[in-house]
Amino acid sequence: MNEKILEIDNLTVSFDGFNALNNLNFSMERGELRVIIGPNGAGKTTFLDVITGKVKPTVGQVLFKGKNLRRFREHQIARFGIGRKFQTPRVYLNLTPRENLELSCNRQKNVFSTLLKPQPSPERKTVSTLLETIGLVVKADTPAGLLSHGEKQWLEIGMLLAQSPDLLLVDEPVAGLTDEETLLTGELLVSLAESHSIIVIEHDMEFVRQIARKVTVLHEGSVLCEGSIEEVQNDPRVVEVYLGTEEEEHP
Amino acid sequence: MLQISGLDVYYGESHILREVDLSVYRGQMVCLIGRNGVGKTTLLKTIMGLLPPRRGKIWFDGVEIAPLSPDRRARSGIGYVAQGREIIPRLTVKENLLLGLEARRKRPKKMQIPEDIFELFPVLKTMLDRRGGDLSGGQQQQLAIARALMGQPQLLLLDEPTEGIQPSIVLEIEAAVRRIIETTGISVLLVEQHLHFVRQADWYYAMQKGGIVASGLTQELSNEVIQRFLAV
Amino acid sequence: MNEDISSEHQEKATVIRQLYRQLRQRPRLTEAVTVGAIALFAIAIVPFFLSAFNLDLLNRYLALAILALGIDLIWGYTGMLSLGHGIFFALGGYAIAMHLKLQIPPDASSQLPSFMSLYGVTELPAFWKPFYSFPLTLIAVFLIPALLATFLGYLVFRNRIRGVYFSILTQAATIVFFNLFNGQQKLINGTNGLTDFKTILGAEVSNSNTQFVIYTLTVLLLVGAYYLCRWLTGGRFGKVLVAIRDDETRLRFSGYDPTGYKVLVFAISGALAGIAGALFTLRSGIISPKAMDIAFSIEMVIWVAVGGRATLIGAIVGALLVNYSKSWLISQFPDIWLFFQGGLFLLVVLVLPNGLIGWLKTEGINLLRRLVKRPRYVTTYPSLEEDPEVRRERENLGN
Amino acid sequence: MLFLDSLFNGVSIGAVLLIAALGLAIVFGIMGVINLAHGELMMIGAYTTYVVQNGFKLLGDNWFEFYIIFAIPMAFLVAAAVGLMLERWVIRYLYGRPLETLLATWGVSLILQQFVRSVSWSMFVGILLFSLLFFGGIWVLKKRLDFDRLRRPAIAVLLPLSVGIAIAASVLSGNLFKLAFTKPWFGAQGVDVTAPGWLRQGLELGSLYLPYVRLFIIGLTVVCVAGIYLFLQRSPWGLRIRAVTQNRTMSACLGIPTQKVDALTFAIGSGLAGIAGCAISFLGSVGPNTGQNYIVDAFMVVVVGGVGQLFGTIVAAIAIGTVSYLLGSGTIAALVSDVNFLSDFFSFFANTSMARVMVFALIIAFLQVRPAGLFPQKGRTVDA
Amino acid sequence: SNPQDEGTGTTGDSPGETGSPIAQSDGDVIKVGILHSLSGTMAISEKSVVDAEQLAIEEINNAGGVLGKKIQAVVEDGASDWPTFAEKARKLIDQDRVVTVFGCWTSASRKAVLPVFEEKKHMLWYPVQYEGQECSQNIFYTGAAPNQQIEPAVDWLLENKGNQFFLIGSDYVFPRTANTIIKAQVEAKGGQILGEDYIPLGGTEVTPIITKIKAALPDGGVIFNTLNGDSNVAFFKQMQGAGLTPDLYPTMSVSIAEEEVKAIGPEYLQGQYAAWNYFQTVDTPENKKFVEAFKGKYGADRVTNDPMEAAYIMVHLWKQAVEAAGTADDLEAVRKAAIGQTFQAPEGLVTLENNHHISKTVRIGEVRDDGMFEIVYATDSPVVPVPWNQYVADTKGYACDWSDPSKGGKYKMEGA
Ligand SMILES: Nc1ncnc2c1ncn2[C@@H]1O[C@H](COP(=O)(O)OP(=O)(O)OP(=O)(O)O)[C@@H](O)[C@H]1O
Ligand SMILES: Nc1ncnc2c1ncn2[C@@H]1O[C@H](COP(=O)(O)OP(=O)(O)OP(=O)(O)O)[C@@H](O)[C@H]1O
Ligand SMILES: NC(N)=O
Ligand SMILES: [Mg+2]
Ligand SMILES: [Mg+2]
């Protein structure tokens, strides 16, 4: 069955009359890795807000695996299999990275099974593997509040992996990361894409080039263009509103 | 302009900065590089007075600023763009910008936003009455830089100013920072991951686990060396 | 050379890991033994050394410690500051008191609780009837508060009302319930509350044997409550609670619905308060709407703050300490004890933000080390100077 | 007629709620400090009014008629001064931790209550001496460069020393001057504040009778609200206050003197409590417990109005006032007297205690519809 | 004084077993407890009562003490909190081993400590007018029973001020019970109760009540006020503001005395009435002495009032009882000796009756502009207390007599 994992029809979101999203149409196949770029304020984060239920659409609808998400609350949507990493890292500061991961790992999130069922050992194993993947083994048992910005970024990516959703929404995963780590993140995402559907938002074009297959450009709340990275990069409209031209001397 | 010697900073009982020495001269752009979590932000915060050093001295403009509170430091000419933007969320963009004036030594009688700010960041002009917290991440970042410039600082501390900003504006910011240094002669201490921006600096310091491990002219650095610092 | 270091490292690491594993297994046992010993000591030895009056105080404060555990659960761990626990405490107290008031000797002139006939009530109101039954009363002691907490909690948490708004609402609820109980002269004796209890299960309430049984029961229930809280906060459930305190919104996007968790903890905490209220009432001999005085509900929080929030021992220690010192202060300085009480609150918040136990865990350790002339306990980057990476780095750069 | 009457009475009650909540709305809504000592600051305002009144009584009847013109600013200043001390010594260390401020200010409120009960000349002497010795000592030592090192031993020596001397002096002065020094200034009994004659009457409009005190309080409330609005929205200090309270660290980095701003904001909030205290002293009792009677209601107003929303606070105060009045006075019960079961229902709630119960139920119901209050904060930062 | 029962040694001397505790007065002091609210809402009223008790103790000590020993008072704060009262009562009895306790103001606090005193077979002296319907062997009541204050006041009002009543009170037991009595009495005597309302203790918003009064009594009528504490201030201030003046709406209060008048401000109260057994203006030599002594000790601007005087009386009555019994420690003996004690009190002669209440003169006063009361009515002789109310159906026909073991706290009177 080749149903689209995400389909968005004619979506508008307005705040006090300002349309952050404007008649947006978007759709995505299962197993796709899609990169969304666009100028600051184009509505990318808002787009994720709508999908995850943080913001309710003013007009239009979001279909996830054919299900209209409008009626559902955030946690329900998350349980359908949508995971999200926020633009500024948000982790539980008083829990250790290990505990942060354990929480996300938990499969059954209702009150009583969390309370009564012990943590299955595969989950524990996943957590330690993840800790290695995100390079926080050393700090695994210090409170996450003490991590630096970049470390938190990684921890949050780790949490997303732990949650293992069908659709991953990743908002600026490499902001504030060093090039090396950026590269690693890219590899991580690409390998993930084999089994998940992913939406990545990024401004770091280097990174975009590394991972992108299909790119969607948002501008002023609607899709400006869509296509492979080369097509998009060479589209004059994109250059104008987003990429800019380097007049500066190159060192 | 700025001189730091033997700085030791702790968070509670954990030792973060160890014996940091660093200088920034007038009109110079200095870049601080290092991996995530080595203590770059901590250093900038200490300069700004947000964290008390346990040992060491900081001079700004020949004056020791250790006893000064952050707001006094700001008014003596240090501008700061924090990592994570730190916009005042429920004030409008305009009010956020006007707050930048607080740092000026002579406060203008009429509270007005000079046009050149909008030349640099045209988006802001269209958003003057929007709440700062409602802006998108990148817009907030632009606002934060603009706000710091409003105060006409002598020394500008930039903590990853291009994080989350669209490529075209990153280029503009780079150009603008250079231009400002050239025209006004202020100094800049920059923390950056963007290789391209790092190259614009005159001098670099490389940090590793809380200490400065290398420094020198940026020109003498090959890309590979920089990359090594950032990557280890 | 490098290999040497790393293999040495590995060795060290395995040793440490083993130690750690052992320690992880042991504390449970150590703790269980300690708790058991303390409880045994409290039941078998303490009563013989304390005067009746002091034992009475201890008993009541131990009951309050159960309440403090409940507060710690929702405030210390989950970050919700309830100023409404006086209600739950009072409900527990009223439940048991109503049962006691129905212990009317068959030859009495009226088969109604004594106050009712004075106000011209001729028939026992229906809601009193279940309290004839002792088992039903026992259930009511914790179930009624728990149900009320569930109801209020659901209405409030469902709408994502939290933080100080929650505190203020619970505070208002306290006042409202105070008014409600205070005004019902005929049904529950209004301001006076229920007092003058005679017998329980046929035994005289004021009899010293009965009181000893109540004391023992209190100690056991406190241990039970401690372990309940231990269990709740120890596992994944406890982590969710902390996550709620840290960033409730974020938790939703991980697929958790905080509402259910919050309602459940609130209810459990309310139930603990109800149990405490019942025990306290048995010992103090009175329950009145005064238990729903705002001051009392705020004091409860202070017990936990003094002891150290998010540490269960802290809650217990705090409850005992603050109440003893209050009782002592009132007697020593009946005219001006409020100065000291107020000062104490201020001091705790300002000087001991993590409470006594919190202080002991951080500053206290350093103080101890200083006393035995050891250097302060300092953590740095995981042992930077020996870090092979850093060494290599330095060497490579020749700096 | 009934309508006008109800409206006036509702607004009267609302005005009292509002003026009591106003300072709170600032301190809580803007600074995020839950000030449980707010009621005690009102009490201080009321006692100030009492002192001013007694002063004017000595000056003669003509002066007495106008003492309130002087009492209001005095109440503001005294309460603001106390607020200032509170901010410097306590609140300052607790910014960003609202629940802690709640506990600390509760302690402060106990101390203030006991203070007005017990304060006497000999106690005053003690406190004065203590402050002189202790703070003076610290001040002198601060001039030395190595103060940081000296701090702990200095406090360890100074504190017991000055406490000892202060207590000794206070006991000694009590023994020396006897009653004149040991007699409490105010005592536990409460004091009388009598409004000037012209405020004790009412305005008759047809069958409507409007007490002047009520009109006066409504007027005072309007002035305070307008003043606060202008100050916060139109003055540069207002901008600074809002900035600091939303992001203290960054504001400091921008060059705003945060300590001054904090102190000023808290002082203004406290001063408003003082004015409220002056106002309520014309309506009710003035005693050590005066403040406690208002604090919870004031908080409810702030919550229902939506935090940080001046306009919401106004609407909430008047709405709660009117509903309490309509329920408590039995007006609603009378209106529905034809429908038996409704009438019984509302009669049950037709007294002040039960009206409170009903109002609470209504507020909870209201919050089901609008969880963030009448005028919720908007924008993406709210729930971020 | 006339010791009627010299049987001191009737009970055994080991405490606890025989039922009569022997409190312990060691050395040359006798310890007594004082248990009132010094903090919280009730401190406003109770602090002055403590002052009066301490004055009486000082007087007695200066005059040589009791049985040659000085009285030492252990003061405890009940903090306006009933369980605290119970706890502190226990402490005074068990820990401090006092021989008697002077204390309480609100009926609720008395009800809270009552089981403690009964369990320990100890002794409490209670100085405040109250609602009656109680008669404990372990309590001596020196304030007015309803028939010594409320009932005469209602009669006087019916006679002089009209028969349309509005009842207003604080929302707790005394006002509610008092109003039950008043309703029964007014109806029995052909008057009308047109409304009844309550404010929570400490409540200050009385606008709704004023509306109700205006609606119920558009052309004036009598207001019977059983408000306590702070609410009184609010009530009278706002009543005047709303134009309800004493000529149309005469108000009779039973909890407003000199102290309260001072705190409300006489300007608001002038022309209103209060019923008590004692006013500072009572003209007896004993009162002159009492007032002078009080002002001398506490300051010239202080005033005396009924509960303070009752408190002052009770310390003296206790002293007389102890001297009559020849011991302070044997409480049973003291109790027996107390009955029948008379004392020339500031209010006039009082006698401790066998129902543990005292007979008192009833007075009605009108507030003057100096805050004192003009006594407009007084009974010719002390009125005998009736604790079980005879207007209320449930207690009609009952009485109390502790001098006769076969009668006790509540017995059916003959012919009733
Ligand atoms: N709650 C809100 N109220 C008002 N305006 C809003 C709100 N949320 C978002 N906006 C506006 O909607 C627009 C889109 O914001 P969004 O955060 O989605 O941008 P973005 O594409 O993520 O930008 P960036 O790359 O800078 O993060 C912005 O102009 C922003 O100001
Ligand atoms: N409040 C804090 N308490 C304790 N430790 C902290 C605190 N904040 C940061 N740290 C620790 O200090 C170290 C340095 O952090 P800092 O934020 O200065 O790093 P950074 O170099 O700016 O990294 P990034 O590039 O990720 O922003 C980190 O290891 C971090 O864990
Ligand atoms: N007994 C009284 N006045 O409560
Ligand atoms: Mg974004
Ligand atoms: Mg950083």
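Counting restarts for each chain: residues are numbered from 1 in the order of the written sequence. For this description, chains carry letters from A and ligands carry numbers from 1, given in the order in which they are written. Two thresholds apply to this predicted model, a pLDDT of at least 70 for residue-level local features and 80 or more for giving and counting side-chain atom pairs, whereas whole-chain, interface and lining totals are computed over all residues. The basis for the side-chain values is all heavy atoms of the structure; hydrogens and waters are excluded.

Engineer: Which parts of the structure should I look at to understand the overall build of chain A?
Structural biologist: For chain A, the helix and strand inventory stands at 10 helices and 10 strands. Each principal axis of the C-alpha atoms in chain A carries an extent, and together these give about 55 × 50 × 40 Å. Classification of residues uses two cut-offs on accessible area relative to the type maximum, computed with a 1.4 Å probe and protein chains only: under 20% is buried, over 50% is exposed, and between them is partly exposed. Looking at chain A as a whole, 58% of its 251 residues qualify as buried. Whether two residues touch is decided by their heavy atoms; if any such pair falls within 4.5 Å, the residues are in contact. Within chain A, residue pairs in contact and separated by at least 24 positions form 66% of the contacts whose partners lie at least 6 positions apart. For the area figures, the Shrake-Rupley method with a 1.4 Å probe applies, and any residue is considered shielded solely by the protein chains shown. Approximately 10,300 Å² of chain A is accessible, and the part contributed by carbon and sulfur atoms is 50%. Only four residue types enter the tally: Lys and Arg on the positive side, Asp and Glu on the negative side; His and the chain ends are excluded. All charge positions are set by atom: Lys at NZ, Arg at CZ, Asp at CG, Glu at CD. One way to put it: in chain A the 27 positive side-chain charges average out to a point 12 Å from where the 36 negative ones average out. Counting from the N terminus, the helices are DSSP H or I runs at least four residues long and the strands are E runs at least two residues long.

Engineer: What should I look at first to understand the interface of chain C and chain D in this one?
Structural biologist: Accessible area lost during the coming together of the parts is what is often quoted as the interface size. With 44 residues of chain C at the interface, the matching set in chain D holds 42 residues. Overall, the association of chain C and chain D removes approximately 3,800 Å² of surface from exposure, summing both partners, and the carbon and sulfur fraction of that is 77%. Salt bridges are counted wherever a side-chain nitrogen of Lys or Arg sits within 4 Å of a carboxyl oxygen of Asp or Glu. Summed over the shared surface of chain C and chain D, the number is 1 salt bridge. We note a salt bridge from D:Glu100 to C:Arg309, for which the minimum N-O separation is 3.1 Å. Pairing of N or O atoms within 3.5 Å defines a polar contact, subject to two protein rules: one partner must be a possible hydrogen donor and the other a possible acceptor, and residues neighboring in sequence count only if both atoms are side-chain atoms. Between the two partners, chain C and chain D, sit 5 residue pairs in polar contact (both at pLDDT 80 or more). If you list the elements that add at least two residues to the side of chain C that touches chain D, you get helix 5 (134-158), helix 6 (164-183), helix 11 (294-307) and helix 13 (337-351) of chain C. Take the accessible area each of two parts loses on contact, using a 1.4 Å probe, and add the two losses: that sum is the buried area.

Engineer: Help me out: how do you make sense of the UniProt feature "domain: ABC transporter" (unreviewed entry) in chain A in this one?
Structural biologist: UniProt positions are given in the numbering used here, feature names are shortened, and annotations may be inferred rather than shown by experiment. The positions UniProt marks with the feature "domain: ABC transporter" (unreviewed entry) are residues 6-245 of chain A. Along residues 6-245 of chain A one finds 40% helix and 25% strand; the C-alpha atoms at either end are 34 Å apart.

Engineer: How should I be thinking about the packing of helix 8 (residues 208-234) of chain C against helix 12 (residues 312-332) of chain C in this particular structure?
Structural biologist: Residues and elements named next belong to chain C. Lines fitted to C-alpha atoms define the axes, with helix axes restricted to the stretch in contact, and inter-axis angles between N-to-C directions lie between 0 and 180 degrees. As a packed pair, helix 8 and helix 12 sit with axes 10 Å apart at the nearest point and diverge in direction by 145°. For the pair helix 8 and helix 12, contact is made by Leu-222, Tyr-226, Cys-229, Arg-230 and Thr-233 and by Leu-312, Ile-313 and Ile-316, respectively. For this classification, Asp, Glu, Lys and Arg are treated as charged, while Ala, Val, Leu, Ile, Met, Phe, Trp, Tyr, Cys and Pro are nonpolar and the rest, including Gly, are polar. For the contact of helix 8 with helix 12, the per-class residue count stands at 6 nonpolar, 1 polar and 1 charged.

Engineer: Is there a simple way to think about the state of the cysteines in this case?
Structural biologist: Residue and element names in this part refer to chain E. Cysteine sulfur atoms are paired as a disulfide whenever they fall within 2.5 Å. In total, this model carries 1 disulfide over all chains according to the counting rule given. With a sulfur-sulfur separation of 1.9 Å, Cys-135 is cross-linked through a disulfide to Cys-400. Between Cys-135 and Cys-400, the disulfide has an S-S torsion of -55° and is therefore left-handed. One end of the pair, Cys-135, is in the loop between strand 4 (124-126) and strand 5 (139-141); the other, Cys-400, is in strand 16 (residues 398-401), and 265 residues separate them in sequence. Exposure remark for Cys-135: the relative accessible area of 8% places this residue in the buried category. What makes Cys-400 buried here is its relative accessible area of 5%.

Engineer: Where do I start with the coordination of the magnesium ion (ligand 5) in this structure?
Structural biologist: For a metal with four donors in a tetrahedral arrangement, the ideal angle between donors is 109.5 degrees, while six donors in an octahedron ideally sit at 90 or 180 degrees. Residue and element names in this part refer to chain B. In the first shell of the magnesium ion (ligand 5), the protein supplies Thr-41 (OG1) and Gln-83 (OE1), at 1.8 to 2.1 Å from the metal. Taken together, the positions of Thr-41 in helix 1 (residues 40-48) and Gln-83 in the loop between strand 6 (78-81) and helix 3 (93-99) put the pair 42 residues apart, joining distant regions of the chain. Of the residues examined, Thr-41 reaches a relative accessible area of 21% and is grouped as partly exposed. Judged by relative accessible area, Gln-83 falls into the buried class, the value being 16%. Coordinating N, O and S atoms are those within 2.8 Å of the metal (3.2 Å for Na, K and Ca), and as water is not part of the atoms, a site may appear to have fewer donors than expected.

Engineer: Help me understand the sheet that holds strand 11 (residues 342-345) of chain E in this model?
Structural biologist: Residues and elements named next belong to chain E. A pair of strands counts as paired when DSSP detects no fewer than two bridges linking them. With antiparallel pairing, 3 strands are arranged side by side in an open sheet as 11-12-13. Since the sheet does not close on itself, it has two edges, and those belong to strand 11 and strand 13 (358-359), each with one partner. Its contacts with the sheet place helix 11 (residues 306-325) against strand 11, strand 12 (348-352) and strand 13, and it is angled at close to 145° to strand 11.

Engineer: Is there a simple way to think about unusual backbone geometry in this case?
Structural biologist: Peptide bonds are, in most cases, trans, and in most cases residues other than glycine have a negative phi. You will see that A:Ser164, though not glycine, has its phi angle at about 45°, which is positive. With respect to the helices and strands, A:Ser164 occurs in the loop between helix 6 (149-163) and strand 7 (167-171). Looking at A:Ser164, the relative accessible area reads 36%, which means it is partly exposed. One non-glycine residue, E:Cys104, adopts positive backbone phi at about 75°. Topologically, E:Cys104 is positioned in the loop between strand 3 (101-103) and helix 3 (107-119). Residue class for E:Cys104 comes out buried when judged on its relative accessible area of 0%.

Engineer: Is there a simple way to explain the packing of aromatic side chains in this structure?
Structural biologist: Geometry of an aromatic ring pair is reported as the spacing of the ring centres plus the angle between the planes. Note on aromatic pairs: the rings of Phe, Tyr and Trp (six-membered ring only in Trp) are paired at centre separations within 6.5 Å, and the planes decide the class, stacked below 30 degrees, edge-to-face beyond 60, tilted for the rest. For the structure on display, the rule yields 53 aromatic pairs over all chains. Taking the centre distance of 5.0 Å and the plane angle of 85° together, the rings of C:Tyr61 and C:Tyr324 count as edge-to-face. Residue C:Tyr61 is located in helix 2 (residues 52-77), and its partner C:Tyr324 is located in helix 12; the two are separated by 263 residues in the primary sequence. On the numbers, 5.5 Å between centres and 90° between planes, the contact of D:Trp121 with D:Phe124 is edge-to-face. Of the two residues, D:Trp121 and D:Phe124 both sit in helix 6 (residues 121-142), 3 residues apart, roughly one turn of that helix. Judged by its relative accessible area of 41%, D:Trp121 falls in the partly exposed class. Since its relative accessible area comes to 32%, D:Phe124 is described here as partly exposed. Linked through ring pairs, D:Tyr47, D:Tyr50, D:Trp121, D:Phe124, D:Trp185 and D:Phe186 together constitute an aromatic cluster. Any Lys NZ or Arg CZ found within 6 Å of a ring centre and within 35 degrees of that ring's normal is scored as a charge over the ring. Of note, D:Arg240 hangs over the ring of D:Trp237, and the distance from its end group to the ring centre comes to 4.7 Å.

Engineer: Any chance you could explain helix 5 (residues 173-188) of chain E here in plain terms?
Structural biologist: Every α-helix winds through 3.6 residues per turn, so residues three or four apart in the chain are directed the same way. Here a helix's expected span is defined as the number of its residues, less one, multiplied by 1.5 Å. Here helix 5 of chain E spans 23 Å end to end across 16 residues, near enough to the 22 Å set by a 1.5 Å rise per residue. One or two steps after helix 5 of chain E, the chain reaches E:Gly190, where phi turns positive at roughly 85°.

Engineer: Please clarify how the arrangement of the chains should be interpreted in this entry.
Structural biologist: Taking C-alpha atoms as the reference, chain A and chain E come no closer than 38 Å and do not contact one another. Over all C-alpha pairs, chain B and chain E never come within contact, reaching a minimum spacing of 37 Å.

Engineer: Quick question: what am I supposed to make of the site of ligand 1 here?
Structural biologist: Residues are labelled near a given molecule or strand when at least one of their non-hydrogen atoms is within 4 Å of it. Taken together, 24 residues are adjacent to ligand 1, and A:Lys44, A:Thr45, A:Thr46, B:Ser136 and B:Gly138 come closest. Residues near ligand 1 are shared among chains A, B and D, making this a multi-chain site. Between ligand 1 and A:Asn40, the relevant distance is 2.8 Å, taken from an oxygen atom to a side-chain nitrogen or oxygen of the residue. Note that an oxygen atom of ligand 1 is positioned 2.6 Å from one of the backbone N or O atoms of B:Gly138. Relative to its unbound accessible surface of 640 Å², ligand 1 loses 97% to contact with the protein. The residue makeup of the shell around ligand 1, split by class, is 7 nonpolar, 12 polar and 5 charged.

Engineer: What should I look at first to understand a nonpolar patch on the surface in this one?
Structural biologist: On the surface, C:Leu136, C:Ile139, C:Phe142, C:Leu143 and C:Leu147 cluster together into a nonpolar patch covering about 430 Å² of accessible area. By secondary structure assignment, the location of C:Leu147 is in helix 5. For patches, a residue must show more than 30% relative accessible area and have no salt bridge; joins then use 9 Å for like charges and 5 Å for nonpolar side chains, namely Val, Leu, Ile, Met, Phe, Trp and Tyr.

Engineer: Help me understand the interface of chain C and chain A in this model?
Structural biologist: Of the residues lining the interface, 27 residues belong to chain C; the matching set on chain A comes to 36 residues. Buried area between chain C and chain A, both sides added, is near 2,900 Å², and the carbon and sulfur share of it is 58%. The three residues of chain C that bury the most area against chain A are C:Arg236, C:Arg250 and C:Phe253, which together make up 31% of that side's buried surface. Notably, a salt bridge pairs A:Glu99 with C:Lys239, separated by 3.6 Å at the nearest N-O pair. Summed over the shared surface of chain C and chain A, the number is 16 residue pairs in polar contact (both at pLDDT 80 or more). No other element matches the 14 residues that helix 9 (residues 236-253) of chain C contributes to the side of chain C that touches chain A. The residue makeup of the side of chain C that touches chain A, split by class, is 13 nonpolar, 4 polar and 10 charged.

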